[in-house]
Amino acid sequence: MDDLYSICNATFRGCVDSIKGIAVVFYLDREMNKKSRSSRSKSTSNERLNLTGTPSTVRKSGISKEATKREEESMVWKRVLQCSALNGGVFWASIAIFECVILPALKVLLTFMLSNDGFGMNVWSWMQPFLSLIFRMIWVLPLFALSKIVNSLWFQDIADSAFKFRKGRPQLIPSISKLIADTLFSLIVQGLFLVQSMLVSLLPVSYVGTLLCFVHMCLLYSLYSFEYKWFNMGWELHKRLTYIEYNWPYFVGFGMPLAIVTQLPNSYIVSGCVFSILFPLFILSGNEATPLSTTKQYPLKLFSPVVAISNTLFSRTMPVHRAAGATPTHPNTAQPSKMKLK
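Residues numbered from 1 in each chain as written. Predicted model: local features only at pLDDT ≥ 70, side-chain atom pairs only at ≥ 80, totals over all residues. Heavy atoms only, no water.

Draft legend 1. Structural context of the overall build of the protein. Along the protein, the regular secondary structure elements total 12 helices and 0 strands. For the protein, with 342 residues in total, the buried portion stands at 39%. Partitioning the intrachain contacts of the protein with sequence separation of at least 6 by distance along the chain shows that 80% fall at a separation of at least 24. Of the accessible surface of the protein, which amounts to about 19300 Å², a share of 67% is contributed by carbon and sulfur atoms. (Helix = DSSP H or I, 4+ residues; strand = E, 2+ residues; numbered from the N terminus. Buried < 20%, exposed > 50% of the residue type's maximum accessible area, 1.4 Å probe, protein only. Contact = heavy atoms within 4.5 Å. Areas by Shrake-Rupley, 256 points an atom, 1.4 Å probe, with all protein chains shown as cover.)

What follows is the structure, encoded as structure tokens:
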């Protein structure tokens, strides 16, 4: 009974922490401005007390530092608004206008002009799919690909600015080769984990496949949200995955709101727009959150199958990374994990 309570408590705590991102973007910006004003006042007083340095040199250096500080501090709110404007105001709005305004208007016009014996409806029956296909090929797909690239850069800016404000300078993985290998390995693991979630959804047992797929998506969205923070802390992939597997109740709850909202639209494109609009808030929530560790360890080894497949792929394509592999340990204990990243 205690175990069930701890699991439910951790899940609820993760869900609450993820929703806090909606408020984080407002008070974090206020704290940044407050810190900026205090730093400017201190720098002004220091300039007045500094009698040995050249006034022009001190003034120029102070202005340049303040300008750089203001640029970094305004990055969070600015990037969040840009993500909303691009994905919601441009991308999603264009799809809605085309499907809800342009297509119905063309249908009414065509049926009015060719209304004899239902000829207009017959023409529209083959014309509407053709117009939709042209619209997706010329506008939706190129803009979708462009938004993915731009969003990835903006997501990184949001995560870096928030991390610098809370924890200071990022502690990246020291080796360039390990950094590249970790990034490539992470992309492969995430892609295979997404495929695994689709496969488990096909289980014939009623509701079991749907539930397992939902748990997969919750953990994947949590990994997305916390990966920026953990990467800046210098955590390698094996440590990130092991931490999620051992504290899965919290991370299931953390990714639950985003998983529910993105499952509501029927269109994959619209679901991607919803994800891109809300995901910056979850990055901020992950940066602010302190995951709740369960008292007893019941790891949910959902990442182990895709890690094994990725190890096989990497061992054949990048043997250098295999030699640099390590046996990860649980972040809270010294107990070795069975997961091996070669």
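Draft legend 2. Spatial organisation of the nonpolar core. Ranked by size, the top nonpolar core spans 53 residues in total, and within it L219, F251, F279, L284 and F303 carry the most contacts. Looking at which element gives the most residues to this core, the answer is helix α7 (residues 208-232), with 11 residues. Apart from residues no more than four positions distant in its own chain, F303 is found in contact with V189, F193, L219, L223, L241, I244 and E245. Of all hydrophobic cores here, the second largest spans 13 residues; its members include V123, W124, F135 and F144. (Core = buried A, V, L, I, M, F, W, Y, C linked by side-chain atoms within 4.5 Å.)

Draft legend 3. Here's a closer look at helix α6 (residues 176-200). Its 25 residues place the ends of α6 36 Å apart at the C-alpha level, agreeing with the 36 Å of an ideal helix rising 1.5 Å per residue. What α6 keeps buried is the set A181, D182, F185, S186, V189, Q190, F193, Q196, S197 and V200. (Expected span 1.5 Å × (residues − 1).)

Draft legend 4. Representation of the pattern of salt bridges. Considering all chains together, one arrives at 6 salt bridges under this definition. Measuring nitrogen to oxygen at the nearest pair gives 3.6 Å for the salt bridge that ties K20 to D17. Where R136 meets E99, a salt bridge forms, and the shortest distance between an N and an O atom there is 3.9 Å. With R136 in helix α5 (residues 119-167) and E99 in helix α4 (residues 75-113), this residue pair connects regions lying 37 residues apart in the sequence. Residue classification places E99 among the partly exposed positions, given a relative accessible area of 41%. Within this structure, R13, D17 and K20 form a network of salt bridges that share partners. (Salt bridge = Lys/Arg side-chain N within 4 Å of Asp/Glu carboxyl O.)

Draft legend 5. Local environment of the side chain of S225. Positionally, S225 belongs in helix α7. Take S225: its relative accessible area is 1%, and that puts it in the buried class. Setting aside anything within four residues of it in sequence, one finds S225 in contact with F254, F279, F282 and I283.

Draft legend 6. How the structure looks around helix α9 (residues 248-263). Remark: the principal bend of α9, roughly 40°, maps to M256, with a proline, P257, within the next four residues. Restricting attention to buried positions, one finds in α9 the residues P249, Y250, F251, V252, G253, F254, G255, P257, L258, A259 and T262. (Bend = angle between axes of the 7 residues up to and from the residue.)

Draft legend 7. Main features of the confidence of the model for the protein. In the predicted model, the protein carries a mean pLDDT of 77, and the fraction of residues at 70 or more is 75%. The element-level mean pLDDT for the protein is lowest in helix α12 (residues 319-323), coming to 40, with α9 highest at 93. Within the model, the stretch residues 55-73 combines pLDDT values under 50 with 13 contacts to residues more than four positions away or in other chains. Scored below 50 in pLDDT, residues 319-342 makes 56 contacts in the model with residues more than four places away or belonging to other chains. (pLDDT = per-residue confidence, 0-100.)

Draft legend 8. Representation of the packing of α7 against α9 within the structure. Two numbers describe how α7 lies on α9: the axes approach to 6 Å, and their chain directions differ by 105°. As far as their axial angle goes, α9 and α7 are roughly perpendicular. Residues F214, V215, M217, C218, L219, Y221, S222, S225, F226 and W230 of α7 form the contact with α9, whose own contacting residues are W248, Y250, F251, V252, F254, G255, M256, L258, A259, I260, T262 and Q263. Partitioned by chemical class, the residues of the contact of α7 with α9 number 17 nonpolar, 5 polar and no charged. (Axes fitted to C-alpha atoms, helices over the stretch in contact; angles between N-to-C directions. Parallel < 35°, antiparallel > 145°, perpendicular 65-115°, else oblique. Nonpolar A, V, L, I, M, F, W, Y, C, P; charged D, E, K, R; others polar.)

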